[in-house]
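If you want the building blocks of each chain, they are given just below.
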Amino acid sequence: MRILICEDSVLLREGLVRLLEDAGHEVVSALPDAAELDAEVAATAPDLCILDVRLPPTHTDEGIRAALRLRSARAELPVLVLSQYVEERYASELIAGRGGALGYLLKDRVADVGEFVETVEAIAGGATVFDPEVVAQLLGRRGRDERMQRLTDREGTVLALIAEGKSNQAIAKTLHISEGSVEKHITAVFQKLDLEQDESGNRRVLAALVHIAHGGQPPAAATPSGDLS
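Attention in this report is confined to the structure presented alongside it. Note that this is a predicted model, so its numbers are computed, not measured.

On to the pairing of strand β2 (residues 26-31), then. Two strands pair when backbone bridges link them, and strand β1 (residues 2-6) and β2 are joined in this way by five bridges, in the parallel orientation. Its bridge partner lying in β2, Arg-2 is registered against Glu-26. Note on the crossover from β1 through helix α1 (residues 10-22) to β2: the handedness is right-handed.

Structure (C-alpha cells):
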C-alpha cells in the first residue's frame, strides 16, 4: 500500500514512516505541513493519506481543512486523521463531509503498533473507523436526543461498537453474545434511529454517526446505503 503522511512532529512523522515500512507498506511522501499536500497527492497517487488535525503555520485547523478538501475532491481516497485530543467539532465536520473511507484516531493509538497497522489497512480497504473516545463523546453529546433515548443501554453499546468499525463477529466477541443477538440489536438500533438498512457497511456507520452528530438530521449526501456484517 502507498501511504502519504502529513504530520509536523518530526518524531511522530519518522515513527509512522518506520512502523508502516516495517509492516510492508510504502510511504510515498512524509510532509511537515499541508502546503504541498495537494501537489504531492497528485504526484504520488497514494492509496491512503494520514494527516494531523493541527498543522503549521497556526496549528489550529489546517490539517482538518486539508482532510475535508481531499475528501471532497477525491472521494475514492481513504483518509486517516490523527488528533492529540478528542475534538468533536472536527469529527462532526469530517462525518458530515463528502468522501469515502475515513478514520479518526487519537495519537496515543499509534503506540499499539499492531492494532494501528491493522486499522490503517482496514481504512485503506474501505472501512470507517472512529476512536472509541470520539464515539463516546459524540454519543454523550446527543444523549438527550429523542431518537437516542429510544435505545436500550445494550443497543447504545452496540451502536458505539459499530461506529468504531467492528464487525458483527467482533461485537459478539466483545459483548460475549451470539452473532444472532448482535444482528437483532443492530436491526433494532437502526429501526429506532429511523435509518434504513442496505448493503454498504461503511456508509451505514457514517449515517449513524452523522445522525448522532447532527441531532438526527444527517445530510442528504450521507443517507445510509449499507448493512454491516
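What follows concerns helix α3 (residues 62-73). An α-helix turns once every 3.6 residues. As a result, residues three or four positions apart point the same way. Taking 1.5 Å per residue, twelve residues should reach 16 Å; α3 reaches 16 Å between its end C-alpha atoms and fits that length. Among all positions of α3, only Glu-62, Gly-63, Ile-64, Ala-66, Ala-67, Leu-68, Leu-70 and Arg-71 are buried.

Enumeration over the complete set of coordinates arrives at nine salt bridges. With a shortest N-O distance of 3.5 Å, Arg-2 and Glu-26 are connected by a salt bridge. Remark: Glu-26 occurs in strand β2 and Arg-2 occurs in strand β1; sequence separation between them is 24 residues. Across the pair Arg-109 and Asp-108 runs a salt bridge, and its minimum N-O distance is 3.9 Å. Take Arg-109: its relative accessible area is 31%, and that puts it in the partly exposed class. The class of Asp-108 is exposed, set by a relative accessible area of 53%. Beyond isolated ion pairs, a larger network of salt bridges with shared partners links Glu-7, Asp-52 and Lys-107.

Strands pair in a sheet through their backbones, by hydrogen bonds, and they do so in one of two ways: parallel or antiparallel. The six strands are arranged β2-β1-β3-β4-β5-β6 in an open sheet whose pairing can be described as parallel. Among the strands making up the open sheet, the edge pair consists of β2 and β6 (129-130). Of the pairings in the sheet, the one linking strand β3 (residues 48-52) to strand β4 (residues 79-83) comprises four bridges and is parallel in character. Its bridge partner being in β4, Leu-51 is matched across the sheet by Val-81.

Once that is clear, we can look at the packing of helix α9 (residues 168-175) against helix α10 (residues 179-192). Contact pair α9 / α10: the axes reach a minimum separation of 9 Å and the direction vectors enclose 105°. Here α9 is positioned roughly perpendicular relative to α10, judged by the angle of their axes. Contacts between α9 and α10 involve Asn-168, Gln-169, Ile-171 and Ala-172 from the first element and Glu-179, Val-182, Glu-183 and Ile-186 from the second. Considering only residue class, the contact of α9 with α10 consists of four nonpolar, two polar and two charged.

The grouping of Asp-112, Glu-115, Glu-118 and Glu-121 at the surface amounts to a negative patch. Structurally, Glu-121 is set in helix α5 (residues 113-124).

A word on the side chain of Ser-29. Position of Ser-29 relative to the elements: it lies in strand β2. Classification of Ser-29 by relative accessible area gives buried; the value is 10%. Engagement of the side chain of Ser-29 in a polar contact is seen with the side chain of Glu-40, the distance being 2.8 Å. Once residues lying within four places of it in the same chain are set aside, the contact partners of Ser-29 are Ile-3, Leu-4, Ile-5 and Glu-40.

Reading the values: the criteria
- Residues numbered from 1 in each chain as written.
- Predicted model: local features only at pLDDT ≥ 70, side-chain atom pairs only at ≥ 80, totals over all residues.
- Heavy atoms only, no water.
- Pairing = 2+ DSSP bridges.
- Helix = DSSP H or I, 4+ residues; strand = E, 2+ residues; numbered from the N terminus.
- Right-handed = clockwise from strand over helix to strand, strands pointing away.
- Expected span 1.5 Å × (residues − 1).
- Buried < 20%, exposed > 50% of the residue type's maximum accessible area, 1.4 Å probe, protein only.
- Salt bridge = Lys/Arg side-chain N within 4 Å of Asp/Glu carboxyl O.
- Axes fitted to C-alpha atoms, helices over the stretch in contact; angles between N-to-C directions.
- Parallel < 35°, antiparallel > 145°, perpendicular 65-115°, else oblique.
- Contact = heavy atoms within 4.5 Å.
- Nonpolar A, V, L, I, M, F, W, Y, C, P; charged D, E, K, R; others polar.
- Patch = residues over 30% accessible without salt bridge, like charges linked within 9 Å, V, L, I, M, F, W, Y side chains within 5 Å.
- Areas by Shrake-Rupley, 256 points an atom, 1.4 Å probe, with all protein chains shown as cover.
- Lys, Arg positive; Asp, Glu negative; His and termini not counted.
- Charge placed at Lys NZ, Arg CZ, Asp CG, Glu CD.
- Polar contact = N/O pair within 3.5 Å; in protein donor to acceptor, adjacent residues only side chain to side chain.

None of the figures reported here should be taken as evidence of function without further support.
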